[in-house]
Amino acid sequence: DGGAHWTPANLGLPQAIVYSMVIDPSNGSTLYAGTAPGLFKSTDGGGSWTALSNGLPASPFCYSLAISAGTPATIVAGIGGGLYKSTDGGTSWTSAGFNGSTVNPAAIDPANPANILASANSVTFKSSNSGANFAATSGLTAFYTLAIAVDPQNASVLYAGGSAGIFKSVDRGLSWTNLLTNQTGSIAVDSQNSQIVYATPSGLVRRSTDGGATWPDFTTGLPGGFALVVAADPQVGGTIYTIVGDAVYKKIGSASWVKASTGLPNGSLIFITIDRNNSSTLYAGGGVGIYKSVDGGTNWAATGRPAGNVTPVTVIVDPFDSGHLLSWSGSSAFESTDGGANWSSFDVAGGRQAITLAFDPSAPGRIYSSGADNNGVAIIDRSNDGGKTWFSMRTGLGRGVNTIFIVAPGGNMLYGGSTNGGVWAFHFARGRAVGK
């Protein structure tokens, strides 16, 4: 009766979470249900259910189902261990790839069943031959962004790293090329040579000398362990830093990696920040607090720490005043005006959560705050007076809250990356005189 009343339709189904259902378009009494765990079929309108298992892994978590409109005996199922396909109404199943990956969602083209789409590892893949093989589609729609790096010589060129690997855009994010499929949480472009890019795919430092086309290993001299971040010296080309374990390591040109951690305690380090005005001044920290080096990482000393012993996400340095620092943790922001010796609360726009901050390198006093409002909707605010007043720039943003926010060197491009919304770009149009 159009949903006015409901009755249970669980006979034969285990106690399970039902993630997906499809109805045979040629026979409304035939249903398929994907659950955790198991895949089930009903031929009596949900009156009873039988398990489908031939060719499927034991007790699969089935997150997505799609049925062909023209040939309803053809079904694809996205499960926790890959994509599976049946051409006999679920009686038997064969693997269609993505082994070991969670596939969710999956879809069959209603006009041409040879076309199948599947999403795995935050990337959408397409098959044009009924699932025999798949290729990644272009774009970053489902990308989980963990890192963004802008070419310091050309703001139109940027790299994005995340769960699906490394992508590159040469047109301000309008289109993207997949360079590497390993999960990547940190990327840096050399300050003097745009063809040199550093990254941490799968926790290993790699260097590309051809703009991301190839990524040879760059770990010789580093200890075993997960490389969390990589930071390029903004003034001296070929000089980079990384964190492995609880230590900072530095490499200058062709010299070997050297440990640069004197004075740092054993404990969680999650960030390195380099003062772009004086690259001998660095900040590193995390669970241990904030530490500062004024000699290029040779020696470190503890600075002040924001109130409440919070774990700072990072420290950013004002490009017009090296003593002016900002830091944040969760929905709290902090400010230092004496190079980190003392910290006080920094007020952003009211009702903001999951704060990320960025200085505009082209305009003194201009600061951006990225986060979410009280409803969890993404929002970006801008201050032109050092944080005294703020106004919103939310129009056009998706719901994915930015986890990273970058202002390009010239200030005319803003890039934000979120957990489920890919990369967002904002371009300030340049005004121009019109002759009469």
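The text that follows walks through the structure, step by step, so that each part is easy to find. Within any chain, residue numbers begin from 1 and follow the written order of that chain's sequence. Where totals are concerned, whole chains, interfaces and linings use all residues; where local detail is concerned, this predicted model gives features only for residues with pLDDT of at least 70, and gives and counts side-chain atom pairs only at 80 or more. Note that water and hydrogens are dropped before the side-chain values are worked out from all heavy atoms of the structure.

## Brief notes about the overall build of the protein
Reasoning step 1: A run of H or I in DSSP becomes a helix once it reaches four residues, and a run of E becomes a strand once it reaches two; helices and strands are each numbered from the N terminus. Counting its regular elements, the protein contains zero helices and 38 strands.
Reasoning step 2: Counting only C-alpha atoms and orienting by the principal axes, one finds that the protein spans roughly 75 × 60 × 50 Å.
Reasoning step 3: Accessible areas in this description were obtained via Shrake-Rupley with a 1.4 Å probe; residue shielding takes into account the shown protein chains only. Total accessible area on the protein is roughly 19300 Å²; 51% of this is exposed by carbon and sulfur atoms.

## Comments concerning the pairing of strand β26 (residues 289–293)
Reasoning step 1: Only protein chains enter the calculation, and the probe is 1.4 Å; a residue is then buried if its accessible area is under 20% of its type maximum, exposed if over 50%, and partly exposed in between. Counting buried positions along β26 yields four of five residues, so the element is predominantly enclosed.
Reasoning step 2: As defined by bridge partners, strand β25 (residues 282–286) adjoins β26 across five bridges and the pair is classed as antiparallel. Pairing of Ala 284 across the sheet is with Tyr 291, part of β26.
Reasoning step 3: One bridge is not enough; two strands pair if DSSP finds at least two bridges between them. In this structure, the hairpin formed by β25 and β26 is closed by a connection of two residues.
Reasoning step 4: Where β26 and strand β27 (residues 301–302) come together, two bridges link them in antiparallel fashion. Bridging from a neighbouring strand, Tyr 291 pairs with Ala 302 of β27.

## Concerning the environment of Pro 152
Reasoning step 1: Turning to its location among the elements, Pro 152 is positioned in the loop between β13 (145–150) and β14 (158–162).
Reasoning step 2: You can call Pro 152 partly exposed: its relative accessible area is 33%.
Reasoning step 3: Residue contacts follow a heavy-atom distance rule, with two residues in contact if any of their heavy atoms lie within 4.5 Å. If near-sequence neighbours (up to four positions away) are discounted, Pro 152 is found in contact with Val 189, Asp 190, Ser 191 and Pro 409.

## Overview of the sheet that holds strand β17 (residues 184–189)
Reasoning step 1: One open sheet accounts for three strands, arranged β17-β18-β19; its pairing is antiparallel. Where the open sheet ends on each side, the last strands, each with one partner, are β17 and β19 (206–208). Within the sheet, the average angular offset between the axes of one strand and its neighbour, ignoring direction, is 20°. All axes are obtained by fitting lines to C-alpha atoms, using only the stretch in contact for helices, and the reported angles, taken between N-to-C directions, cover 0 to 180 degrees.

## Quick notes on the nonpolar core
Reasoning step 1: Core analysis: the biggest nonpolar cluster contains 28 residues, and Leu 83 and Phe 98 have the highest contact counts within it.
Reasoning step 2: When residues of this core are traced back to their parent elements, those giving at least two are β9 (103–108), β10 (116–120), β11 (123–127), β13, β14 and β37 (413–418).
Reasoning step 3: Those residues within four positions of Phe 98 in sequence are excluded, and the remaining contacts are Gly 81, Gly 82, Leu 83, Val 103, Ala 118, Ala 120, Phe 125 and Phe 134.
Reasoning step 4: Only buried residues count toward a nonpolar core, which is a set of Ala, Val, Leu, Ile, Met, Phe, Trp, Tyr and Cys residues joined through side-chain atoms within 4.5 Å. Counting residues in each nonpolar core, the second largest holds 15 residues, with Tyr 241, Ile 243, Ala 284 and Val 288 among its members.

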